[in-house]
Amino acid sequence: MANNSPIGLFDSGVGGISIYNEIKKTLPNESAIYLADNLNAPYGKKTKEEIINLSLKNTQKLIDLNCKLIVVACNTATTNAITILREKFDTPIIGIEPSIKPAILNTKTKNIGILATEKTLSSNLFQQTSNKFSDGIYIHEQIGYDLVSIIEKSGINQELLKNKLISYVQPMLEKNIDNLVLGCTHYYYLIDILKKILPSSVRVLDSSSAVSKRVKQVLEVNNIMSRTKDCKNEFYCNGNESVIKKFLGEGEKINKMIF
Ligand code: DGL
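A.B. asks: Help me understand the site of the ligand in this model?
C.D. replies: If you check the shell around the ligand, you find 13 residues, and the closest are S12, Y43, G44, T76 and T185. Across the complex, the protein chains shield 99% of the 300 Å² of accessible surface that the ligand would expose by itself. Within the shell around the ligand, the residues separate by chemical class into five nonpolar, seven polar and one charged.

Put into structure tokens, the structure is as follows:
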């Protein structure tokens, strides 16, 4: 595996672009390949077996494209499939899990909220992590019904998303949460709306910076940091590309590919 090979990332759509951006901020000299499996979005409503098969397919594709490290830029794929991915592939694989631990360490009201997809919340990995850290702390779970589908279909449609979010956070606010964990990479793009509807005393936590730190660490430990400044970033989707375009930075373009 060459040092100058790209880092590979995948998600069901645009959510993982937030992780890509954070990684590029920390590691600007790394090349990257991003797969948006938007033909199969949302993952959160699929069976565990389907999520595993999609994750295997995406990881295999990134390895075929010569990626030196894989970032599963999707909580749903991580919590349902990462153990199997690590069994099957030798390439280092980094996943993303909801920031439960920092929320638990920070809470004063002893109540935290988590907003995630149905399949993340029902996964064994998520349940084990919450049980491990949650002694004496209440974790109020809320499924973010339809949020991923709306974002994938229409981007950040403020009004529609705002009304959904109000109805999702209200029950958690009634339980006096002071930390809200975002357990889906798509929800990163909802932080601005959430800040408008939540009291300022509620802290919103996402995991993107934790993942980029971990990526740096794993590249260092494996001695596979890029040795060139001449990097290249590529984005691929297998469904409609019109919404994804809005989430990419200036000069970045999305290509269609069958995978
Ligand atoms: N970005 C994915 C996640 O982090 C979205 C899952 C979905 O497609 O439902 O969970």
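A.B. asks: Honestly, the pairing of strand β2 (residues 32–36) in this entry has me stumped. Any pointers?
C.D. replies: Residues in a regular strand point their side chains to alternate faces of the sheet. Of all five residues making up β2, five are buried, and the element is well covered by its neighbours. Going residue by residue along β2, you find A32, Y34 and A36 tucked away on one face and I33 and L35 tucked away on the opposite face as well. As defined by bridge partners, strand β1 (residues 7–11) adjoins β2 across five bridges and the pair is classed as parallel. Considered in β2, the bridge of I7 is made with A32. Following the backbone out of β1, through helix α1 (residues 17–26) and into the adjacent parallel β2, one traces a crossover that is right-handed. Note: β2 against strand β9 (residues 233–237), five bridges, orientation parallel. Looking at β9, one finds that A32 is bridged to N233.

A.B. asks: What is the right way to look at the packing of helix α2 (residues 48–64) against helix α3 (residues 75–88) in this model?
C.D. replies: Any two packed helices are characterised by how steeply their axes cross, that is the angle between the axes, and by the distance between the axes. Contact pair α2 / α3: the axes reach a minimum separation of 9 Å and the direction vectors enclose 55°. Classified by the angle their axes make, α2 and α3 are oblique. As for the relative orientation of α2 and α3, their crossing is right-handed in sense. Residues K48, I51, I52, S55, L56 and T59 of α2 touch α3, and the partners they reach there are T76, A77, N80, A81, I84, L85 and K88. Across the contact of α2 with α3, the residue classes tally to seven nonpolar, four polar and two charged.

A.B. asks: Got a minute to help me understand the packing of α1 against helix α10 (residues 208–221) in this structure?
C.D. replies: Interhelical geometry of α1 versus α10 gives an angle of 50° and a closest axis separation of 9 Å. What the angle tells us is that α1 and α10 run oblique. For α1 against α10, the interelement crossing comes out right-handed. Counted together, S18, I19, E22, I23 and T26 of α1 and S208, S209, V211, S212, V215 and K216 of α10 form the full contact between these two elements. Split into classes, the residues belonging to the contact of α1 with α10 amount to four nonpolar, five polar and two charged.

A.B. asks: Please clarify how the sheet that holds strand β4 (residues 93–94) should be interpreted in this entry.
C.D. replies: Here we have six strands laid out as an open sheet, ordered β4-β3-β1-β2-β9-β10, and parallel in their pairing. Either end of the sheet is taken by a strand with one partner, and the two such strands are β4 and β10 (254–256). Of the strand pairs in this sheet, β9 and β10 are connected by three bridges, and their pairing is parallel. Considered in β10, the bridge of Y236 is made with N255. In the packing of α2 onto the sheet, contacts are made with β1, β2, β3 (69–72) and β4, and the angle to β1 comes to roughly 155°.

Scoring rules and cut-offs
Residues numbered from 1 in each chain as written. Predicted model: local features only at pLDDT ≥ 70, side-chain atom pairs only at ≥ 80, totals over all residues. Heavy atoms only, no water. Near = heavy atom within 4 Å. Areas by Shrake-Rupley, 256 points an atom, 1.4 Å probe, with all protein chains shown as cover. Nonpolar A, V, L, I, M, F, W, Y, C, P; charged D, E, K, R; others polar. Buried < 20%, exposed > 50% of the residue type's maximum accessible area, 1.4 Å probe, protein only. Helix = DSSP H or I, 4+ residues; strand = E, 2+ residues; numbered from the N terminus. Pairing = 2+ DSSP bridges. Right-handed = clockwise from strand over helix to strand, strands pointing away. Axes fitted to C-alpha atoms, helices over the stretch in contact; angles between N-to-C directions. Parallel < 35°, antiparallel > 145°, perpendicular 65-115°, else oblique. Left-handed = near helix turned anticlockwise from the far one by under 90°. Contact = heavy atoms within 4.5 Å.

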